Structures are given as C-alpha cells and as structure tokens.
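Below, each chain spelled out in residue letters.
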Amino acid sequence: DQPESGALGKVTRIVRMIENHTDAPLDLHTLARVARLSPYHFLRTFHGITGVTPHQYLLRTRLRAAAVHLRTDSRKVVDIAFDCGFGDVSNFNRTFRMEFGISPRMYRLQTRRH
C-alpha cells in the first residue's frame, strides 16, 4: 500500500514537530488536527509510514533525548525526566528500563565510564 499523495509530507511535518517539542503534551487529537486529518485516519497514515504509532514515536523520541541528557548532563534523573516530557518519574524509570534494558541511573553510570 502506497501512502496517498500528501500523506508523507503531513507525517514528516508531525515527526519534525515531535522531535522539536519532545516536552510538549502532544496527544493524538492535537497531532491529527495539525496534520489536518481525522484522528483515525492520522493514526493509520502515521503508522503506515513510520511503522509505529504516534505515541510510540513520541515516547521513543523522549527516551532518546533523556539518554543523551543522562550521558552529558549532571542534573538529577527526575529533572531530566520532567524536562523530556515525562509527567512522573516512576513511569519514566519503567519505560526507560523497557526500552534500554537498564535503569536510567545505571545507564548514566555505564555511559559516563566509557
């Protein structure tokens, strides 16, 4: 299935928006409105082009940003979590561990040693 004309441009614009505003409260309805699509159609189109849902893409983008901060920044883990758009540190810790297989604190320790 090829995406319809204009769909790639809309999804690309949303991907850039997510990457430039990882800390913003971006939900499906907001993203769909910016893309000028219904939430259902936006979800299908985004998934069809990227292979993940908008939520999964946003979450992974936030986790990548947090990982960079953990390596390069001396702020507390909780401050990095909030600055990267996570509303609660326990959710951040659990999600980070699921994605990277290690806690944020251990990630920081291991990546700073090398």
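Everything below is about the structure printed above this text.
It should be emphasised that the depicted structure is a prediction, and the values quoted were computed from it without experimental measurement.

### Some words on the overall build of the protein chain
Helix and strand content of the protein chain: 7 helices and 0 strands. In terms of its C-alpha atoms, the protein chain occupies a principal-axis envelope of roughly 50 × 25 × 20 Å. For the protein chain, the residues scored as buried account for 36% of the 114 residues in total. Put simply, of all contacts in the protein chain between residues at least 6 apart along the chain, 54% involve residues at least 24 apart. When the accessible surface of the protein chain is totalled, it reaches about 7,200 Å², and 52% of it is carbon and sulfur.

### What about the packing of helix α1 (residues 7–20) against helix α3 (residues 39–50)?
Viewed as axis vectors pointing N to C, α1 and α3 meet at an angle of 85°, and their least axial separation amounts to 10 Å. As summarised for this structure, α1 and α3 are arranged roughly perpendicular, according to the angle between their axes. From α1, A7, L8, V11, I14, V15 and I18 reach across to α3, where they touch F42, T45, F46, I49 and T50. Partitioning the contact of α1 with α3 into residue classes produces 9 nonpolar, 2 polar and no charged.

### With respect to unusual backbone geometry
Of note, the phi angle at R36 is positive, near 60°, even though the residue is not glycine. Following the sequence through the fold, R36 ends up in the loop between α2 (28–35) and α3. Accessibility expressed as a relative area gives 73% for R36, which makes it exposed.

### A look at the packing of aromatic side chains
Applying the stated criterion to the full structure yields 7 aromatic pairs. Summarising the aromatic geometry, the rings of F46 and Y57 are spaced 5.9 Å apart at their centres and angled 75° between planes, so their arrangement reads as edge-to-face. Residue F46 is found in helix α3, and its partner Y57 is found in helix α4 (residues 54–72); the two are separated by 11 residues along the sequence. Through successive ring pairs, a cluster of aromatic residues spans F86, F92, F96, F100 and Y107.

### Things to note about the nonpolar core
With 16 residues, the main nonpolar core has I14, I18, L26, L31, F42, F46 and Y57 as its most contacted residues. Mapped by element, the contributors of at least two residues to this core are α1, α2, α3 and α4. Ranked by residue count, the leading element in this core is α1, at 5 residues. Discounting chain neighbours no more than four positions away, the residues touching I18 are L26, L31, F46, P54, Y57, L58 and T61. Judged by nonpolar contacts, the second largest core, of 13 residues, contains L70, V77, C84 and F92.

About the criteria used
- Residues numbered from 1 in each chain as written.
- Predicted model: local features only at pLDDT ≥ 70, side-chain atom pairs only at ≥ 80, totals over all residues.
- Heavy atoms only, no water.
- Helix = DSSP H or I, 4+ residues; strand = E, 2+ residues; numbered from the N terminus.
- Buried < 20%, exposed > 50% of the residue type's maximum accessible area, 1.4 Å probe, protein only.
- Contact = heavy atoms within 4.5 Å.
- Areas by Shrake-Rupley, 256 points an atom, 1.4 Å probe, with all protein chains shown as cover.
- Axes fitted to C-alpha atoms, helices over the stretch in contact; angles between N-to-C directions.
- Parallel < 35°, antiparallel > 145°, perpendicular 65-115°, else oblique.
- Nonpolar A, V, L, I, M, F, W, Y, C, P; charged D, E, K, R; others polar.
- Phe/Tyr/Trp six-rings, centres within 6.5 Å; stacked < 30°, edge-to-face > 60°.
- Core = buried A, V, L, I, M, F, W, Y, C linked by side-chain atoms within 4.5 Å.

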